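# Chains, contacts and geometry: an overview
Chain by chain, the residues run as shown.
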Amino acid sequence: MRIRPCREQDISCVKRWITSERVHDMWCAGRLPYAFPEALFLENLKVGEAEWDQSAFTAVGDDGEPLGFFCISYRREDNSAFMSQIIVNEKERGRGYGRQMLELALCYAFTIWHVDAVRLGVFENNAPARVLYAKVGFHEEEYTPEAFSHGEEKWGRYILCVRKPQENNAKA
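Under the definition given, this model contains 13 aromatic pairs. Each ring, one from Trp27 and one from Phe36, has its centre 5.8 Å from the other, and the planes form 25°; the classification is stacked. Note on accessibility: Trp27 and Phe36 belong to one class, buried. With a centroid separation of 5.0 Å and an interplanar angle of 65°, the aromatic rings of Phe57 and Tyr108 are classed as edge-to-face. Taken as a pair, Phe57 in strand β2 (residues 54-60) and Tyr108 in helix α4 (residues 97-111) lie far apart in primary sequence, 51 residues in all. Looking at Tyr108, the relative accessible area reads 23%, which means it is partly exposed. Each member of the aromatic cluster is reached from another via a ring pair, and the members are Phe57, Phe70, Tyr74, Tyr108 and Trp113. When the ring centre of Phe36 is taken as origin, the NZ or CZ atom of Lys15, which lies over that ring, is 5.6 Å away.

This is the structure in structure tokens:
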């Protein structure tokens, strides 16, 4: 697996991976309407790039086929990054692609951007994502109950954080 900047043709893949309104809201927290037009998603990415120093990435397999997608924004105020809109093709889940994608994203953030921490938000009812994030090293930093409404439901949101690994300068 590798990650590369998102291409316009990747948007149709991301849209296919969003299989229900519930999945859609867990993915983007209502920032886009459900069953969004691809042009609107592209515009949303451009706004994110301009206003939030956001970059969009696609994770692709050895064959070049898209397997996952995420956005990552740089935050100057505390030299950190914030990941959002994280999704893996539902048909490819359970094969370790989500973990690989996140590990590559963290490597990018820590070695290319030289950030001190990477954060992301996840709803409390998205147990599979929370388990995955913990496996990659994310820890709870903040919790907001009833942070988002999905129909009649109120979803709490965790902000999770992983800090840059400390280099061991000690000589053996």
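Overall, the coordinates contain eight salt bridges when judged by the stated rule. Asp78 serves as the salt-bridge partner of Arg119, at 3.4 Å between the closest nitrogen and oxygen. Of this pair, Arg119 sits in strand β5 (residues 117-123) while Asp78 sits in the loop between β3 (66-75) and β4 (80-88), placing them 41 residues apart in sequence. A relative accessible area of 13% means that Arg119 is categorised as buried. The closest approach of N and O atoms between Arg95 and Glu92, which form a salt bridge, is 2.7 Å. Several salt bridges share partner residues, and in doing so they unite Asp78, Arg119, Glu141 and Arg163 into one network.

Further remarks concern the packing of α4 against helix α5 (residues 127-136). In the contact formed by α4 and α5, the axes pass within 10 Å of each other and the chain directions differ by 50°. Between α4 and α5, the angle falls in the class oblique. Crossing angle aside, the handedness with which α4 passes α5 is right-handed. Here α4 contributes Gly98, Arg99, Leu102, Glu103 and Leu106 to the contact with α5, which in turn contributes Leu132, Tyr133, Lys135 and Val136. Looking at the contact of α4 with α5 residue by residue, the class counts come to five nonpolar, one polar and three charged.

The next thing to look at is α5. One full turn of an α-helix is made of 3.6 residues, so residues set three or four places apart face in the same direction. Within α5, burial applies to Ala129, Tyr133 and Val136. Buried residues of α5, seen end-on, are gathered within an arc of 60° and therefore sit on one face of the element. Facing away from the buried surface of α5 by more than 90 degrees, the exposed residues are Pro128 and Lys135. Check the buried side of α5 and you find it contacts β4, α4, β5 and β7 (153-163).

Basis of the calculations
Chains are numbered independently. Their residues run from 1 in the order of the written sequence. Reporting of local features is limited, given that this is a predicted model, to residues whose pLDDT is at least 70; pairs of side-chain atoms are given and counted only at 80 or more, and all residues count toward the totals for whole chains, interfaces and linings. For the side-chain quantities, the full set of heavy atoms in the structure was used; hydrogens and water were omitted. A pair of aromatic rings is counted whenever rings of Phe, Tyr or Trp (Trp by its six-membered ring) have centres within 6.5 Å, and the orientation is called stacked for planes under 30 degrees apart, edge-to-face for over 60 and tilted otherwise. Relative accessibility decides the category of a residue: with a 1.4 Å probe and only protein chains considered, values under 20% of the type maximum give buried, values over 50% give exposed, and everything between is partly exposed. A run of H or I in DSSP becomes a helix once it reaches four residues, and a run of E becomes a strand once it reaches two; helices and strands are each numbered from the N terminus. Consider the ring centre and the ring normal. A charge sits over the ring if Lys NZ or Arg CZ is within 6 Å of that centre and within 35 degrees of that normal. Any carboxyl oxygen of Asp or Glu that lies within 4 Å of a side-chain nitrogen of Lys or Arg is treated as forming a salt bridge with it. Lines fitted to the C-alpha atoms define the axes, with helices restricted to the stretch that makes contact. Angles between their N-to-C directions range from 0 to 180 degrees. Should an angle fall under 35 degrees it is called roughly parallel, over 145 degrees roughly antiparallel, and 65 to 115 degrees roughly perpendicular, with every other angle called oblique. Note: crossing handedness is left-handed where the near helix turns anticlockwise from the far helix by less than a right angle, and right-handed where it turns clockwise. Residue contacts are defined here by distance: any two heavy atoms, one from each residue, within 4.5 Å place the two residues in contact. Note on residue categories: nonpolar means Ala, Val, Leu, Ile, Met, Phe, Trp, Tyr, Cys or Pro, charged means Asp, Glu, Lys or Arg, and polar means any other residue, Gly included. In this description, the arc belongs to the directions extending from the helix axis to the C-beta atoms.

Limitation: the analysis is restricted to geometry and does not speak to function.
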